[in-house]
There are 2 protein chains.
Amino acid sequence: MDDVLISVSEGEANTLAMEILKEAGFSQSHAEAITQSIITAQRDECHSHGLYRLISCTRALQTGRIDPAAEPSVDGSTAPAIIRADARHAISLLAFQKAMPLLVERSRSLGMAALAINNCYHFSALWPEAEALAAEGLVAIVMTVSHAWVAPAGGNAPAFGTNPIAFAWPRPGRLPFVFDFATSAIARGELELCRREGRPLPHGVAVDRAGNPTTDPEAAAEGAMLTFGGYKGSALSAMIELMAGPLIGDMTSAASLAYDSGTVPCHGEIILAFDPARFMGNHAPLHLARGEALFDSIVSQGARLPSARRHLARKRNSKGQLRVRSALWQELQDMPNERHE
Amino acid sequence: MDDVLISVSEGEANTLAMEILKEAGFSQSHAEAITQSIITAQRDECHSHGLYRLISCTRALQTGRIDPAAEPSVDGSTAPAIIRADARHAISLLAFQKAMPLLVERSRSLGMAALAINNCYHFSALWPEAEALAAEGLVAIVMTVSHAWVAPAGGNAPAFGTNPIAFAWPRPGRLPFVFDFATSAIARGELELCRREGRPLPHGVAVDRAGNPTTDPEAAAEGAMLTFGGYKGSALSAMIELMAGPLIGDMTSAASLAYDSGTVPCHGEIILAFDPARFMGNHAPLHLARGEALFDSIVSQGARLPSARRHLARKRNSKGQLRVRSALWQELQDMPNERHE
């Protein structure tokens, strides 16, 4: 792929994204939620979750499994600290948007609350949702499962998804402290890329069918990917399976893969929100300052805060111009036309 | 140290532990809480948190900083989903015991709740508390900070503690799924042991003062330990710092080290509890079965569930006999006598 980056106005990208999504059959509200997520990622130069996703999103619609227009329902009656959003087999993003105000309200009134999004197709990064809650002054933990591609430590067969976890901590007057990482040692897309290009995988990220370490992407595809961090990462991935799967009454990564083998998996997502103002009370300034001292101690020794690169990109692109891969932009511009012909 | 294991009756170990702790000055209720934690660990052959801790616990008292008799106070009025337990500069365990019933009650009525233990000296493993909540049918996440010994990814100076995280998931009719790991690449005690014995550290667990990887324990002690799992483990450790520190209005690992350089650090602990019955409703059996299918898929491929070894030991030692290192048992038996003389 041509990796030259060109500058595109955000307005233009927005218009094109909406056109592509609506042409593909998404309702106005879904197209808006998806466009917002994609533009947010592109602004941060998070290319893997940016405009590129318009291609997989519209293709996924062609499987006929994703409802492009279902209005999510939000139910706060399960328990005071639990909000359920049923995405009704649509993309997850609109369900989050619709349920977020109630999650914020309950977190503030109770101190903490959980949002369970069920029956959603999920393709987006988790940090935009974590950051949205941090912008409301809340601490957020977001977890979701995916398709079972990852073996547990000591194993040789898929049991876990790439199972990402995101966390955001609000910083007064600044962008939040935020991370978002897959618990797999590499992204599934990276394995697919190596496979297509016949390149070896990095060491320590996959096993073959017999459970032996391998750098051969074909052998890895028949075996399994590994988690990051050995048995600790494996334990963490199991926790994410349980919290974002059975706890919220939704599928595990294995159940999701059995149900729908497409690239956009159907399952659930859990979002935990904590209100520091309720936890810290009057002493909030002192304790937020202790958080800032922690960040200072990281940055002052030359280490980077997670997401620092992304936040720098956001600053760079804050004047309404996005940086987009030239070949991708060309491909996207041809998409609505193809359909018109 | 003589590593021969001898068999000791649980009753005898219990009596000796109580005698040692009370001789050292702990109140009856603190001595009971500490003994219970230590015997529980010894039963699981978790030697690092078993009877061995009687030595460091009583020694730590001699610093004069730990209150051996303070009764913890429990306050459920902060917010509905937040329970605060003030340990009043005593060991953490009694505060957990005293606050747990309210945590269970609130989790069941709200769906989830948090217990913040403040101003506690902390030496124990986290899994006994996670397992106690799982025995009540709850899902639990437990986190605590420690002393700042661990550098962030890309850094060369301590910013994090060894920051353990534990998780427990209830399994009907079986011991829970549970893990408990430090986010540091090795335990602090392991580094100290290598230092004492002049043995090199494993690769990839520490950096020297300049931030270069080192296996020299002296250079590591002047530099910093690393987290497990590179930048992902480092991000997770930062999350634990923030959740178990500033969020609950308590110290970070760096603040704790500045306040008290003893081996038993003073800080806070956060325990999150989730009620699956409230999350899953009538469909609980289906979803718990999905959790069991996940565990089956791990075990059936020859991988181990976290804590499997510990649970096997528990089974082996369930008839009231503990396995204790012979030299340790001798040392402990001499402890009360030393004081009598």
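Structural data are supplied above this passage.
Okay, so let's go over this structure.

Conventions adopted
Residues numbered from 1 in each chain as written. Chains lettered and ligands numbered in written order. Predicted model: local features only at pLDDT ≥ 70, side-chain atom pairs only at ≥ 80, totals over all residues. Heavy atoms only, no water. Least-squares fit on C-alpha atoms with pLDDT ≥ 70 in both. Contact = heavy atoms within 4.5 Å. Salt bridge = Lys/Arg side-chain N within 4 Å of Asp/Glu carboxyl O. Helix = DSSP H or I, 4+ residues; strand = E, 2+ residues; numbered from the N terminus. Buried < 20%, exposed > 50% of the residue type's maximum accessible area, 1.4 Å probe, protein only. Pairing = 2+ DSSP bridges. Axes fitted to C-alpha atoms, helices over the stretch in contact; angles between N-to-C directions. Buried area = accessible area lost by both parts, 1.4 Å probe. Polar contact = N/O pair within 3.5 Å; in protein donor to acceptor, adjacent residues only side chain to side chain. Nonpolar A, V, L, I, M, F, W, Y, C, P; charged D, E, K, R; others polar.

Structural notes on the relation of the copies chain A and chain B
- When chain A is brought onto chain B, the operation consists of a screw motion whose angular component is 180° and whose axial shift is 0.0 Å, with 0.0 Å RMSD remaining. The two molecules are tied by a two-fold rotation axis, judged by turn and shift. Taking the C-alpha atom as reference, chain A places Gly-229 of chain A closest to the rotation axis, 2.0 Å from it.
- Here 100% of the contact residues of chain A are again contact residues in chain B; the copies associate through an equivalent surface.

Regarding the pattern of salt bridges
Residue and element names in this part refer to chain A.
- For the coordinates displayed, the defined rule picks out 28 salt bridges over all chains.
- Glu-71 is paired through a salt bridge with Lys-98; the nearest N and O atoms lie 3.7 Å apart. Of this pair, Glu-71 sits in the loop between helix H3 (53–61) and strand S2 (73–79) while Lys-98 sits in helix H4 (residues 93–110), and the two are 27 residues apart along the sequence.
- Residue Lys-98 is classed as partly exposed on the basis of its relative accessible area, which comes to 42%.
- One salt-bridge network, held together by shared partners, links Asp-44, Glu-131, Arg-310 and Arg-314.

Let's talk about the sheet that holds strand S6 (residues 164–171) of chain B
All names here are of chain B.
- On the basis of which strands lie adjacent, the open sheet formed by seven strands has the order S2-S3-S4-S10-S5-S6-S7 and mixed pairing. The sheet terminates laterally at strand S2 (73–79) and strand S7 (174–182), the two strands that pair on one side only. Adjacent strand axes in the sheet meet at a mean angle of 15°, parallel and antiparallel pairs treated alike.
- Here S2 runs beside strand S3 (residues 82–91); their pairing, made up of four bridges, is antiparallel. Directly across from Ala-79, in S3, lies its bridge partner Ile-82.

Description of the interface of chain A and chain B
- Taken residue by residue, the interface counts 69 residues in chain A and 69 residues in chain B.
- Taken over both partners, the interface formed by chain A and chain B buries close to 5400 Å², and the fraction arising from carbon and sulfur atoms is 76%.
- Summed over the shared surface of chain A and chain B, the number is zero salt bridges.
- At the junction of chain A and chain B, the tally comes to 16 residue pairs in polar contact (both at pLDDT 80 or more).
- Residue contributions to the side of chain A that touches chain B peak at nine residues, all from helix H8 (residues 230–244) of chain A.
- For the side of chain A that touches chain B, the residue count by class is 47 nonpolar, 16 polar and six charged.

Structural notes on the sheet that holds strand S5 (residues 139–144) of chain A
Residues and elements named next belong to chain A.
- The strand order S2-S3-S4-S10-S5-S6-S7 describes an open sheet built from seven strands, whose pairing is mixed. Strands at the two margins of the open sheet, each flanked by one partner only, are S2 and strand S7 (174–182). Here the average twist between neighbouring strands, direction ignored, is 15°.
- As judged from the eight bridges shared by strand S4 (residues 112–121) and strand S10 (residues 266–274), these two strands associate in the antiparallel manner. From the neighbouring strand, Ala-114 faces S10, where its bridge partner is Leu-272.

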